[in-house]
Amino acid sequence: MKGDSVKQAERECRRIALSHYENFLVASVLLPRRLKQPFYNVYAFCRTADDLADESKTPAAAVQALAQCQMSLDATFAGHPPAGIFMALAKTIEQFRLDKQPFDDLLDAFLQDQRKTRYQTTRELLDYCRRSANPVGRIVLKLAAVDADVADLERSDQICTGLQLANFWQDVARDYAIGRIYLPQSELRAMGVNEQRFAEMIQQRSTLPELKTLIQAECDRAHTYFDRGVPLCDHVPKWLGRNLQLFVGGGRATLEAIRAIDFDVIRTRPRVSKRTQVGLILRSLISR
């Protein structure tokens, strides 16, 4: 029966959410009880789509899988969700009157990753962030019943873009290993770094001084996004503000970890220490 199918779908969403992402586990502790399952339902969709994009055997297979996911999403918003997690998502969509565009944007970004592995300008990269990161913040605001004005939507976008950029600069070597460079090509060329020199750095596991300079500038840019977005924390319910502070703190800690290794992100992947992670978590919990 439909009721049993929805409950089963919700259990699956809860399993996905609580088994994948460490920070989400922490955030779920800070969520009001009434919102935990809706967040699980949305997260399960995002996680599943992301896995289709990154874990399919080939880009062609990923494109096919994401196309099927798009059809399932279309059917869900049309009131005919397929079996599985989409039944739980449909319940959340109806309950919170969620807009379809952010979900479409996420899938579009995942598709783009299969076809585009270089970004010529910062503007191109930020357009990718607009679809790969910013939709998540906008969905969260809807789940929190925040009647956000244009300024607060922009602040949400700033936080999400900052988090995405921090992740990029932490994972320069990892992304290259799967064929992607998110550093804008125009800025690399300005520093005298072409594809051959980039490949040589990867092979030698050493970051040239000119690339370090670029990484530093990109980290400074990400810090600016956090600075612009963090006032949102004072414009939303306290529980959400605490979660936002946690994630902004984690993003800033990532940037500081990059700075601590002198921006040598090819030699080693910067990591936020456990002590710092625990401190961020404790501050969020104590502030309750």
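The structure under discussion appears in the preceding block.
I will try to describe carefully the structure that is included in this document. A quick note: this is a predicted structure, and the numbers were derived from the prediction, not measured. (Residues numbered from 1 in each chain as written. Predicted model: local features only at pLDDT ≥ 70, side-chain atom pairs only at ≥ 80, totals over all residues. Heavy atoms only, no water.)

### Overview of the overall build of the protein chain
To keep things clear, this is the line we draw: Each helix is a run of DSSP H or I of at least 4 residues and each strand a run of E of at least 2, with the numbering of both proceeding from the N terminus. Each residue's exposure class comes from its accessible area (1.4 Å probe, protein chains only) as a fraction of the maximum for that residue type: buried when under 20%, exposed when over 50%, partly exposed otherwise. Every residue pair with non-hydrogen atoms within 4.5 Å of one another is taken to be in contact. The accessible surface values rely on the Shrake-Rupley method and a 1.4 Å probe; as for residues, cover is taken only from the protein chains in view.
Looking only at helices and strands, one finds 15 helices and 0 strands in the protein chain. When each of the 288 residues of the protein chain is scored for burial, the buried share is 49%. Within the protein chain, counting contacts between residues at least 6 apart in sequence, those at least 24 apart form 71% of the total. For the protein chain, the exposed surface amounts to about 14500 Å²; the carbon and sulfur share of it is 51%.

### Brief notes about the environment of Asn41
Mapped onto the fold, Asn41 is located in helix α3 (residues 33-55). For Asn41, a relative accessible area of 2% corresponds to the buried category. Separated by 25 residues in sequence, Asn41 and Ile16 place their C-alpha atoms 9.1 Å apart. Setting aside anything within four residues of it in sequence, one finds Asn41 in contact with Glu10, Cys13, Ala88, Leu89 and Thr92.

### Points about the pattern of salt bridges
We count it as follows: Think of a salt bridge as a Lys or Arg side-chain nitrogen and an Asp or Glu carboxyl oxygen that are within 4 Å of each other.
Applying the stated criterion across every chain yields a total of 24 salt bridges. Among the ionic pairs, Glu12 bridges to Arg15, the shortest N-O distance being 2.7 Å. Taken together, the residues Glu12 and Arg15, both in helix α1 (residues 2-20) and 3 residues apart, mark about one turn of the helix. Glu12 sits in the partly exposed class, given a relative accessible area of 31%. Judged by its relative accessible area of 46%, Arg15 is partly exposed. In this structure, Arg47 and Asp51 form a salt bridge, with 3.1 Å as the shortest nitrogen-oxygen distance. Of the two residues, Arg47 and Asp51 are both situated in helix α3; the distance of 4 residues between them amounts to about one turn of the helix. Take Arg47: its relative accessible area is 19%, and that puts it in the buried class. Under the relative-accessibility criterion, Asp51 is labelled buried at 17%. Salt bridges sharing partners connect three or more residues here, namely Asp108, Asp127, Arg130 and Arg131.

### Considering helix α7 (residues 122-132)
Looking at α7, one finds that the buried residues are Thr122, Leu125, Tyr128, Cys129, Arg131 and Ser132. Contact partners of the buried residues in α7: α6 (101-115), α8 (134-143), α9 (150-170), α11 (185-190) and α13 (209-229).

### Observations regarding the nonpolar core
Our working rule: Among the buried residues, those of types Ala, Val, Leu, Ile, Met, Phe, Trp, Tyr and Cys that are joined through side-chain atoms within 4.5 Å form a nonpolar core.
Judged by nonpolar contacts, the single largest core of 77 residues is most densely connected at Phe45, Trp169, Leu183, Phe198, Leu211, Ile215 and Leu240. For this core, the leading source of residues is α3, giving 10 residues. If we ignore the near neighbours within four places in the chain, the residues touching Leu183 are Tyr119, Trp169, Val172, Leu188, Phe198, Leu211, Leu214, Ile215 and Glu218.

### Thoughts on unusual backbone geometry
With a phi close to 60°, Ala145 is a non-glycine residue in the positive phi region. Position of Ala145 among the secondary structure elements: in the loop between α8 and α9. What makes Ala145 exposed here is its relative accessible area of 69%. Despite not being glycine, Phe263 has its phi angle at roughly 65°, a positive value. Overall, Phe263 belongs to the buried group, its relative accessible area being 5%.

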